[in-house]
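Spelled out from the first residue to the last, the chains are:
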Amino acid sequence: MLVNGKEMRSLWYEDECLKLIDQRKLPAKLEIFEAKSAEDVAYAIKEMVVRGAPAIGCAAAYGVAMAKDKEKAAKMLKETRPTAYDLFYAIDYVLEKARQGEDAIKVAGEYTEGIVKKCRKIGEHGKKLIGKNARILTHCNAGALACVDYGTALAPIRMAKDMQPFVWVDETRPRLQGLLTAWELEREGIEHAVIADNAAGYFMRNGEVDLVIVGADRIAKSYDVANKIGTYEKAVIAKENGIPFYVAAPLSTFDKRIENGSQIKIEERCGEEVTKVYPWKPHRVRNPAFDVTPAKYITGIITEEGIIELQKK
Ligand code: MRU
């Protein structure tokens with residue numbers, strides 16, 4: 001991704017240390033967090049220094065690789081966040097190669113390069129969906145920050161830049177990942193506007209949205225998709241208004257062990273994330289971080305191998 005005119009990734013390994021753009025500080029400040037151990041990586045994932053399914057997978061891959069006791073590190077890293085499948089996929093991938101005697105740091109590096117390549121492929125397949133001046137709505141941040149580079153939902157938009165797309169960016173309460181998306185789009189010179197989450201239906205019904213593209217945290221065999229809280233309602237409104245709704249994700253997000261979305265564990269985060277902007281504290285708060293969109297609302301899933309068509313537009 002372009003940052004101050006230079007190519008930058010959301011994480012990289014250098015001097016025996018995993019360096020991560022601190023996504024808690026963006027877009028106000030660009031700061032680098034240094035993880036020197038598996039414990040530091042676990043902290044970075046849990047506290048959302050690094051976030052987004054493919055990126056937490058890559059960070060965890062390095063976390064396992066940096067540890068002396070890899071089995072213990074794998075167990076600790078798997079307890080950081082429950083929903084994104086890439087985390088578990090990447091940990092098991094590195095662990096297995098390490099057991100076979102391979103250099104785990106090299107394996108984590110190759111895994112990360114693989115994710116970058118897959119995201120670029122997702123962009124190449126997905127850009128065909130974007131016509132001249134298309135107005136695309138996205139939710140959360142499924143950009144380079146969430147995936148090391150390119151992104152999943154943002155990759156087709158980046159690659160279709162010559163079509164001069166316009167992006168509606170859902171703010172994405174409570175953690176405002178939409179601002180990370182706006183930050184990336186601004187750096188790429190792609191036109192966009194941030195909207196409150198509850199304004200998405202208004203723009204869809206007004207005929208101002210041509211296409212929705214979101215990322216995914218876990219996809220079941222039925223193609224039900226877990227993604228950032230609020231995705232489900234966007235999908236239902238898109239269907240109601242005849243707007244194609246696409247999910248973009250690498251195959252490492254597909255959990256082939258589960259039949260449908262009801263088997264996906266949804267992370268529940270602290271209420272403080274919701275209430276910190278309030279002038280008083282309500283008695284009780286719930287803060288699910290993800291929801292599940294049934295496959296019947298999804299037009300197709302853009303993967304590195306092509307587009308899986310699900311529902312007629
Ligand atoms: O809680 P987050 O910010 O890690 O949630 C991220 C999302 O829901 C993304 O849409 C998803 O991980 C896909 S990122 C390519």
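Please read these numbers as outputs of a predicted model, since none were measured by experiment.

Undergrad: A description of the packing of helix α1 (residues 38-46) against helix α3 (residues 70-78) should follow, citing residues and the corresponding values.
TA: Relative orientation of the contacting elements α1 and α3 amounts to 10 degrees, with a least axis distance of 9 Å. Between α1 and α3, the angle is such that the two are roughly parallel. When α1 is examined against α3, the residues Ala38, Glu39, Val41, Ala42 and Ile45 are found in contact with a partner set consisting of Ala73, Met76 and Leu77. Grouping the constituent residues of the contact of α1 with α3 by class yields seven nonpolar, no polar and one charged.

Undergrad: Can you tell me about the layout of surface pockets, naming the residues and giving the values?
TA: The volume enclosed by the largest pocket comes to roughly 370 Å³. As for the largest pocket, its lining consists of 19 residues, and the residues nearest its centre are Arg24, Pro174, Arg175, Leu176 and Lys276. Going through the elements one at a time, α8 (177-188) and α11 (272-275) are the ones with two or more residues in the lining of the largest pocket. By residue number, the principal contributor to the lining of the largest pocket is α8, which donates three residues. Built from parts of two domains, the lining of the largest pocket gets at least three residues from each of domain 1 (2-119) and domain 2 (128-309). Of the pockets and cavities examined, the second largest pocket occupies roughly 160 Å³. The wall of the second largest pocket is formed by Ser37, Ala38, Glu39, Met66, Ala67, Lys68, Asp69, Lys72, Ala73 and Met76. Elements with a contribution of two residues or more to the lining of the second largest pocket: α1 and α3. Ranked by the residues each element gives to the lining of the second largest pocket, the list is headed by α3, at three residues.

Undergrad: So what's going on with empty space enclosed by the protein? Residues and values would help.
TA: In this structure the tally under the stated criterion is two cavities of 30 Å³ or more. Estimated volume of the largest cavity: approximately 190 Å³. Residue lining of the largest cavity: 23 residues in total, with Arg51, Gly52, Ala53, Asn141 and Asp217 positioned closest to the centre. Sorting the residues of the lining of the largest cavity by element identifies α2 (53-66), α6 (144-147) and β11 (225-228) as the ones contributing at least two each. Taken together, the residues of the lining of the largest cavity sort by class into 11 nonpolar, seven polar and five charged. Looking at the lining of the largest cavity, you find at least three residues from each of domain 1 (2-119) and domain 2 (128-309). In this structure, the second largest cavity spans a volume of roughly 60 Å³. As for the second largest cavity, its lining consists of 13 residues, of which Pro174, Arg175, Lys228, Glu273 and Ala289 are closest to the centre. For the lining of the second largest cavity, the class distribution of residues is five nonpolar, three polar and five charged.

Undergrad: Describe in detail the domain arrangement of the chain, supporting the description with residues and values.
TA: How big an interface is tends to be expressed through the accessible area that disappears when the partners come together. Domain assignment breaks the chain into domain 1 (2-119) and domain 2 (128-309). In this structure, domain 1 and domain 2 have C-alpha centres spaced 22 Å apart. With 36 residues of domain 1 in contact, the opposing surface of domain 2 contributes 36 residues. Roughly 3,000 Å² of surface becomes buried between domain 1 and domain 2 when both sides are summed, with 59% attributable to carbon and sulfur atoms. Among the residues domain 1 hides against domain 2, the three largest losses belong to Thr83, Tyr85 and Cys119. Together they make up 23% of the total.

Undergrad: Describe the pattern of salt bridges, with residues and values.
TA: Under the defined criterion, the tally for this structure stands at 28 salt bridges. The partner of glutamate 259 in a salt bridge is lysine 221, and the shortest N-O contact between them spans 2.9 Å. One end of the pair, glutamate 259, is in the loop between β12 (245-248) and α11; the other, lysine 221, is in the loop between β10 (218-219) and β11, with 38 residues separating them in the sequence. The exposure class of glutamate 259 is partly exposed, given its relative accessible area of 44%.

Calculation criteria
Residues numbered from 1 in each chain as written. Predicted model: local features only at pLDDT ≥ 70, side-chain atom pairs only at ≥ 80, totals over all residues. Heavy atoms only, no water. Axes fitted to C-alpha atoms, helices over the stretch in contact; angles between N-to-C directions. Helix = DSSP H or I, 4+ residues; strand = E, 2+ residues; numbered from the N terminus. Parallel < 35°, antiparallel > 145°, perpendicular 65-115°, else oblique. Contact = heavy atoms within 4.5 Å. Nonpolar A, V, L, I, M, F, W, Y, C, P; charged D, E, K, R; others polar. 1 Å grid on protein atoms, 1.4 Å probe; cavity = no way out; pocket = protein on both sides within 12 Å on 5 of 7 lines; lining within 4 Å. Points joined across faces, edges and corners; volume = space filled by probe spheres on them. Domains from an automatic or database assignment. Buried area = accessible area lost by both parts, 1.4 Å probe. Salt bridge = Lys/Arg side-chain N within 4 Å of Asp/Glu carboxyl O. Buried < 20%, exposed > 50% of the residue type's maximum accessible area, 1.4 Å probe, protein only.

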